[in-house]
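As a plain string of letters, each chain reads:
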Amino acid sequence: MLRALHDEHADALHAYALRLVDGDRQRAEDLVQETLLRAWRSPASLDPERGSVRAWLFTTARNLAIDAWRRRSTRVGEVVTDALPEPPPTVDEAERAVEAWTIAEALSRLSPTHREVLVECFYQGRSVAEAAARLGVPPGTVKSRTHYALRSLRLVLAEMGVTK
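What comes next concerns the included structure. (Residues numbered from 1 in each chain as written. Predicted model: local features only at pLDDT ≥ 70, side-chain atom pairs only at ≥ 80, totals over all residues. Heavy atoms only, no water.)

### Looking at the layout of surface pockets
- Estimates place the volume of the largest pocket at around 490 Å³.
- Around the largest pocket, the lining is made up of 17 residues, and of these Arg62, Asn63, Cys121, Phe122 and Arg126 lie nearest the centre.
- Secondary-structure elements contributing two or more residues to the lining of the largest pocket are α3 (53–74), α5 (112–123) and α7 (139–159).
- Ranked by the residues each element gives to the lining of the largest pocket, the list is headed by α3, at seven residues.
- Of the residues contributing to the lining of the largest pocket, the split by class is seven nonpolar, five polar and five charged.
- Estimates place the volume of the second largest pocket at around 270 Å³.
- For the second largest pocket, the lining is made up of 15 residues, of which Leu31, Leu64, Ala65, Ala68 and Arg72 are closest to its centre. (1 Å grid on protein atoms, 1.4 Å probe; cavity = no way out; pocket = protein on both sides within 12 Å on 5 of 7 lines; lining within 4 Å. Points joined across faces, edges and corners; volume = space filled by probe spheres on them. Helix = DSSP H or I, 4+ residues; strand = E, 2+ residues; numbered from the N terminus. Nonpolar A, V, L, I, M, F, W, Y, C, P; charged D, E, K, R; others polar.)

### Points about the nonpolar core
- One finds Leu5, Leu31, Ala39, Leu46 and Leu57 to be the most contacted residues of the largest nonpolar core, which totals 18 residues.
- Residue assignment for this core shows that the elements contributing at least two residues are α1 (2–20), α2 (25–41) and α3.
- Here this core gets six residues from one element, more than from any other, and that element is α3.
- Counting 14 residues, the second largest nonpolar core, distinct from the first, contains Ala132, Val137, Val142 and Val156. (Core = buried A, V, L, I, M, F, W, Y, C linked by side-chain atoms within 4.5 Å. Buried < 20%, exposed > 50% of the residue type's maximum accessible area, 1.4 Å probe, protein only.)

### Digging into helix α6 (residues 128–135)
- Within α6, burial applies to Ala129, Ala131 and Ala132. Around the axis of α6, the buried residues are gathered within 165° of arc, so they sit on the same side. Seen from the buried face of α6, the exposed residues on the opposite side, beyond 90 degrees, are Ala133 and Arg134.
- In the stretch just after α6, Gly136 is the one whose phi turns positive, near 70°. (Arc of directions from axis to C-beta.)

### Notes on empty space enclosed by the protein
- Summed over all chains, the structure comprises one cavity of 30 Å³ or more.
- Roughly 70 Å³ of internal volume is contained in the largest cavity.
- Of all elements in the fold, only α3, α6 and α7 reach the threshold of two or more residues within the lining of the largest cavity.
- In terms of residue count, α3 provides more of the lining of the largest cavity than any other element does, three residues in total.
- When the residues that make up the lining of the largest cavity are grouped by side-chain class, the tally is five nonpolar, four polar and two charged.

### Considering the environment of Gly51
- Here Gly51 lies in the loop between α2 and α3.
- Owing to a relative accessible area of 16%, Gly51 belongs among the buried residues under this scheme.

### Focus on the environment of Pro112
- Among the structural elements, Pro112 can be located in helix α5.
- Between the alpha carbons of Pro112 and Ala149 there is a distance of 10.0 Å; along the sequence they are 37 residues apart.

Structure below.
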C-alpha cells in the first residue's frame, strides 16, 4: 500500500513540499518522508470515502511544514556578534485580547454551518476529511462551506471596521 501511495503521489507531494520550504531540498524530502510515515501509521485516514488521498497528503504536509516553522521560530539560536540585538517587540496583551474578542464577535455573526466549519478546519486544525467526518457531511461540502465562510467572515470584519 505504501509503495503504491508513494508511486502515485510522491512526485507531486515533493514538488508541493519544495514550495512550502522555499526550495530547501533536504527539508522537502524530510517533509515528504514524515507525511508518508503518517499515512502509513493511520491508514484509515486514506479511505477514499473520507475524501481525496492526495488532499489528505497535501494537508498533512502543510501542517507539518507549519509545525516545523513554528518550532524553528521559537528556538533561540546562538548568534556571535559584537552588536547587541534589538530588544524583542513587546506583546501588547490588551491588543491581543481585543483581537480575540473581535474574531469571536465576527464568528458569532456567521451562520452556524459556516462557524462550525471554520472552527473545525482552522481552530481545531482538522483536515477536510476529518472535518467532514466530524460534521457528517461530504468533503466537498466542507470545502465549499469553508470558501463561503471565509468570504462571509471578511464581510463581517469589514462591517466591524477591521482592515488588514
